[in-house]
Amino acid sequence: MYQECGHYYLCQLKLAWLDAISNSAIAFAYYLIPIMVVCSARKRQDLPFQWIYRLITTLVVIGSTIELIEAWRLWRLQYWLLGLLKAITAFGLLCAMILLVRSLPKVLTIPNFTELKQANHQLELEIKERHFAEEALRESKERFHNAFDYAAIGMALVGLNGSWLQVNHSLCEIVGYSEAELLSKTCQEITHPDDLDTDFDYVRQLLTGEIRCYHMEKRYIHKLGHVVWIMLSVSLVCDIHGQPLYFITQIQDITERKRVEQTLQQQAYIFENISDGVIVTDLSGRVIDWNRAAEKMFGYSKAEVLGKNLGILRKPEESAVLTQKIIDELHTANRWAGEINFVRKDGTEGVCETVFVPLYNEHGQPSATIGVNRNITERKQAEAALQKANEQLTSWVQQLEQRNHEIALLSQMSDILQACLTVEEAYKVIGQLIQPLFPETSGGVFIISSSKHLVEAVTTWGDSTLASKKVFSPKNCWALRRGRSHFATADDHSLHCSHIEEDLFGGEALCVPMMAQGEALGMLHFHSPQTGQLTAAKQQLASAVAERIALALANLRLNEALQQQSIRDPLTGLFNRRYLEESLEREISRAERSHKRVGIIMMDVDHFKSFNDRFGHEAGDIVLRELGGFLRKQIRKADIACRYGGEEIMLILPESSLDVCQERAERIRQTVKHLDIQHQRQKLGCISLSLGVAMYPEHGLTGAAVIEAADAALYIAKKTGRDRVVMAQSQVSVY
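The model shown is predicted, which means the values in this text are computed figures rather than measured ones. (Residues numbered from 1 in each chain as written. Predicted model: local features only at pLDDT ≥ 70, side-chain atom pairs only at ≥ 80, totals over all residues. Heavy atoms only, no water.)

1. Here we look at the overall build of the protein
Stage number 1. Each helix and strand counted, the protein has 21 helices and 25 strands in total.
Stage number 2. A total accessible area of about 43,700 Å² is found for the protein, and carbon and sulfur atoms account for 55% of it. (Helix = DSSP H or I, 4+ residues; strand = E, 2+ residues; numbered from the N terminus. Areas by Shrake-Rupley, 256 points an atom, 1.4 Å probe, with all protein chains shown as cover.)

2. Regarding the packing of aromatic side chains
Stage number 1. Enumeration according to the criterion identifies eight aromatic pairs in this entry.
Stage number 2. Measuring from ring centre to ring centre gives 5.1 Å for phenylalanine 298 and phenylalanine 342, while their planes differ by 80°; the resulting arrangement is edge-to-face. Residue phenylalanine 298 is located in helix α10 (residues 292-298), and its partner phenylalanine 342 is located in strand β10 (residues 336-343); the two are separated by 44 residues in the primary sequence.
Stage number 3. Look at phenylalanine 342 and you get buried, because its relative accessible area is 2%.
Stage number 4. When the ring of phenylalanine 575 is compared with that of tyrosine 579, the centres are 4.0 Å apart and the planes differ by 20°; the resulting orientation is stacked.
Stage number 5. Of the residues examined, phenylalanine 575 reaches a relative accessible area of 13% and is grouped as buried.
Stage number 6. Every member of this aromatic cluster is reached through a ring pair, and the members are Trp290, Phe298 and Phe342.
Stage number 7. Over the face of the ring belonging to phenylalanine 438 we find lysine 538, whose NZ or CZ atom lies 5.4 Å from the ring centre.
Stage number 8. Between arginine 577 and the ring centre of tyrosine 644, over which it is positioned, the NZ or CZ distance is 4.0 Å. (Phe/Tyr/Trp six-rings, centres within 6.5 Å; stacked < 30°, edge-to-face > 60°. Buried < 20%, exposed > 50% of the residue type's maximum accessible area, 1.4 Å probe, protein only. Lys NZ or Arg CZ within 6 Å of the ring centre and 35° of its normal.)

3. Some points on the environment of isoleucine 622
Stage number 1. Locating isoleucine 622 in the fold gives a position in helix α19 (residues 617-634).
Stage number 2. For isoleucine 622, a relative accessible area of 14% corresponds to the buried category.
Stage number 3. When the C-alpha atoms of isoleucine 622 and isoleucine 677 are compared, they prove to be 7.7 Å apart, with 55 residues separating the residues in sequence.

4. Focus on the sheet that holds strand β3 (residues 154-158)
Stage number 1. With antiparallel pairing, five strands are arranged side by side in an open sheet as β4-β3-β7-β6-β5. Each of the sheet's edge strands pairs with one partner strand only, and the pair in question is β4 (164-167) and β5 (213-221). Neighbour-to-neighbour, the strand axes of this sheet turn through a mean angle of 30°, independent of strand direction.
Stage number 2. As judged from the three bridges shared by β3 and β4, these two strands associate in the antiparallel manner. (Pairing = 2+ DSSP bridges. Axes fitted to C-alpha atoms, helices over the stretch in contact; angles between N-to-C directions.)

5. Thoughts on the pattern of salt bridges
Stage number 1. Taken as a whole and judged by the stated rule, the model has 34 salt bridges.
Stage number 2. With its nearest N and O atoms 2.3 Å apart, the salt bridge here joins lysine 718 to aspartate 604. One end of the pair, lysine 718, is in helix α21 (residues 703-719); the other, aspartate 604, is in strand β19 (residues 598-605), and 114 residues separate them in sequence.
Stage number 3. A relative accessible area of 2% means that aspartate 604 is categorised as buried. (Salt bridge = Lys/Arg side-chain N within 4 Å of Asp/Glu carboxyl O.)

6. What to know about α21
Stage number 1. Helix length check: α21 (17 residues) gives 24 Å between terminal C-alpha atoms against 24 Å at 1.5 Å per residue, within 8%.
Stage number 2. Within α21 the residues assigned to the buried category are Gly703, Val706, Ile707, Ala709, Ala710, Ala713, Leu714 and Ala717. End-on, the buried residues of α21 take up no more than an arc of 160°, which puts them together on one face. Away from its buried face by more than 90 degrees, α21 exposes Ala704, Glu708, Tyr715 and Lys719.
Stage number 3. Contact partners of the buried residues in α21: α17 (577-594), β19, β20 (640-645), β21 (648-654), β24 (689-696) and β25 (725-727).
Stage number 4. At the C-terminal side of α21, glycine 721 shows a positive phi close to 120°. (Expected span 1.5 Å × (residues − 1). Arc of directions from axis to C-beta. Contact = heavy atoms within 4.5 Å.)

7. What to know about a nonpolar patch on the surface
Stage number 1. A cluster of nonpolar side chains, contributed by Leu393, Trp396 and Val397, occupies part of the molecular surface with about 290 Å² of accessible area.
Stage number 2. Positionally, tryptophan 396 belongs in helix α13 (residues 377-419).
Stage number 3. Tryptophan 396 gets classed as partly exposed once you look at its relative accessible area, which sits at 47%. (Patch = residues over 30% accessible without salt bridge, like charges linked within 9 Å, V, L, I, M, F, W, Y side chains within 5 Å.)

8. Here's the deal with the sheet that holds strand β8 (residues 277-282)
Pairing between the strands of a sheet is mediated by backbone hydrogen bonds and can be parallel or antiparallel.
Stage number 1. Here five strands make up an open sheet; going across it, the order is β9-β8-β12-β11-β10 and the pairing antiparallel. Each of the sheet's edge strands pairs with one partner strand only, and the pair in question is β9 (287-290) and β10. In this sheet, adjacent strand axes meet at a mean angle of 30° when their direction is disregarded.
Stage number 2. Summarising the sheet, β8 and β9 pair through three bridges and their orientation is antiparallel. Within β9, the residue paired with valine 280 across the bridge is aspartate 289.
Stage number 3. Packed onto the sheet, helix α12 (residues 316-333) meets β10, β11 (349-360) and β12 (366-375) and runs at close to 160° relative to β10.

9. Here's the deal with the confidence of the model for the protein
Stage number 1. Looking at the protein, the pLDDT average stands at 82 and 87% of residues meet or exceed 70.
Stage number 2. The least confident element of the protein is strand β2 (residues 7-9), whose mean pLDDT is 41; the most confident is β5, at 92.
Stage number 3. Across residues 1-10 the pLDDT falls below 50, and counting only partners more than four positions away or on other chains, this stretch makes 16 contacts in the model. (pLDDT = per-residue confidence, 0-100.)

10. Examining the side chain of lysine 258
Stage number 1. Along the chain, the position of lysine 258 falls in helix α9 (residues 255-273).
Stage number 2. Taking relative accessible area as the criterion, lysine 258 reaches 18% and is therefore assigned buried.
Stage number 3. The residues contacting lysine 258, other than those within four sequence positions of it, are Glu217 and Trp229.

11. Side note on unusual backbone geometry
Stage number 1. Geometrically, the link from tyrosine 696 to proline 697 is a cis peptide bond, its omega value of 10° lying close to zero.
Stage number 2. With respect to the helices, strands and loops of the structure, proline 697 is situated in the loop between β24 and α21.
Stage number 3. Phi is positive for histidine 595, which is not a glycine, with a value near 60°.
Stage number 4. By the secondary structure assignment, histidine 595 is in the loop between α17 and β19.

12. Description of the packing of helix α14 (residues 423-437) against helix α16 (residues 536-567)
Stage number 1. At a minimum axis distance of 11 Å, the contact between α14 and α16 shows a crossing angle of 165°. It follows from the interaxial angle that α14 and α16 lie roughly antiparallel. Note that α14 runs across α16; the crossing there is right-handed. Residues Val423, Glu424, Ala426, Tyr427, Ile430, Ile434 and Leu437 of α14 pack against Lys538, Leu541, Val545, Ile549, Leu553, Leu556, Arg557 and Glu560 of α16.
Stage number 2. When its residues are assigned to classes, the contact of α14 with α16 shows 11 nonpolar, no polar and four charged. (Parallel < 35°, antiparallel > 145°, perpendicular 65-115°, else oblique. Left-handed = near helix turned anticlockwise from the far one by under 90°. Nonpolar A, V, L, I, M, F, W, Y, C, P; charged D, E, K, R; others polar.)

13. Concerning the nonpolar core
Stage number 1. One finds Ile434, Leu524, Phe526, Val545, Ile549 and Leu553 to be the most contacted residues of the largest nonpolar core, which totals 36 residues.
Stage number 2. Counting only elements with at least two residues in this core, the list comes to α13, α14, β13 (442-448), β17 (508-516), β18 (519-528) and α16.
Stage number 3. Counting residues per element, this core draws most heavily on α16, at 11 residues.
Stage number 4. If near-sequence neighbours (up to four positions away) are discounted, isoleucine 549 is found in contact with Met413, Leu417, Ile430, Ile434, Met514 and Leu524.
Stage number 5. Ranked by size, the runner-up nonpolar core spans 32 residues in total, among them Ala641, Ile649, Ile677 and Ile687. (Core = buried A, V, L, I, M, F, W, Y, C linked by side-chain atoms within 4.5 Å.)

14. Focus on the pairing of β5
Stage number 1. The pairing of β5 with strand β6 (residues 227-238) spans nine bridges and is classified as antiparallel. Note that in β6 the partner of tyrosine 214 across the bridge is valine 234.

In structure tokens form, the structure reads like this:
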């Protein structure tokens, strides 16, 4: 029997043990509950409301402890402890109630069983899908690895520090390293130094999220040392939290493409900067492209000519024919080359050296043409100028040669004229010498007479009829009146010289005065039926010819005057004794060679001393002068009349017989008596002659012997009464 809380019960021992054992079993069972809850909570950390489990666990533990104390108090009473535990339990239950009330909205959100079942089904479906996704991911990863390893381009996984994590075979072939060698290096080690900064900048933008990927052309250094151009494509791989893991890179070898691009760039640079104008046209001749040199050459900008026909660069009358010629040549020879005259935008013309060749498409068919044009305008102008200069030089050379030829002819003329002995001989050769100098002209040499009143033609040349009168007054010639050359054409009627006959005049004429020592000797006249023959050079030549002819004629006249003075007697005008002796010896030598005779007539004026005494010496001189003039008219041209001395005169008659000489002497004796000689208006009376005749070789074999024989005959004539002819006595036999 025991008492509980002031109550006493009749207690049986078996009942007490039953109560104690049941309370202990309940306490043990209560203790198992928090253990299971704690284990479950640890297993399921994701369950909501963890604090509720902890609170329930605490209350269950306290309740279990109360049950144990209930069993224990059968033997020992612990009321304070039991009350304290109950108070704690009550407080805990009160707090749990308050917390449950506050958590009730959240608790109500927990799905029910049906919802949990549906959620479980959905979860199963998601698990299956995840399995399928994992399988697809596995297959994708396998495909990625296959694509990675066997890709035609280089691929690699690169760490954030630039180290190679994984590389494929293509990348190894691009850079020349083996996989192991490449994995031991970093990207920076094989990247060209000039590309590092750009690459780092892109990597920075990837890591900061500014870009998702980047593409760039960069250069790797090949294992052998040369540069390899690549196209680099890089993307960043991150984890589920967005943290960068590594880079995926794709590397494509573009070295050949860069080489082609460089070649194309060089060609484009050459195309734009070549000094020749390059024009690309389609097959119909429309412009597709042309370079700056073409713009400069033709004056059109590229925008102005694109799509237009090349005919705008050529003259309309030449364009169609030239275009067809070029097309035909391209079809047959695949090339056309030649020179083209072009017209610039401003209308000026030029010349270019052009080569056209066809351009072929990928099928080998002509698709366009390219023409290379080299501006040779300046060269053509230079060639034209050079040709003109050559022509002018050739003309000058020809003129120089002509001038040299003319100088040679002038020199020859001067030599021949200097060799002439008489003026008459000079007249004969002048026409022949002038003709080669002026082959297309006709003309003549006109000499002013000694009276100065007439101008007479002494020689002419040329095939055409002389347009000038052969005899005219000096006043009829402008050249003689002005003292300078006068040139006239058929159109200048007012400037024609009066001596030119208008009906015969055509073309042009030139009169050149021949001046010597300030005196006009005559005039050279030239006439050409065609204009342009008497050029300025020919006029200068005519002046030079006139000067030389005038000088030669003046010299000849002077020589003749000197010669006449040296061989003629100034009083009678007959040859002097010195010339007589020379002429006689010459004629005797000629007669001896030809077996001819030479007659000598020696005459003397009868009673000449009485003339001097009666009328004076001046009258005697007049007698001798008139006698000299009389004899010059009586003798032949071959005869020679000489004043032998004083009033004695001798005649030499070559190739004459004795009878002829005697007859000539007799005629002279009789004719001389008819001379009417006056002095100071006073008649001097008639004169008579005594003549002695001798012959070579009858009267002597030498000149002196014949003269001596004639003188002896003259002496006999005087002794026997004068005014008679006496023949010399023979001294040698005649052959």
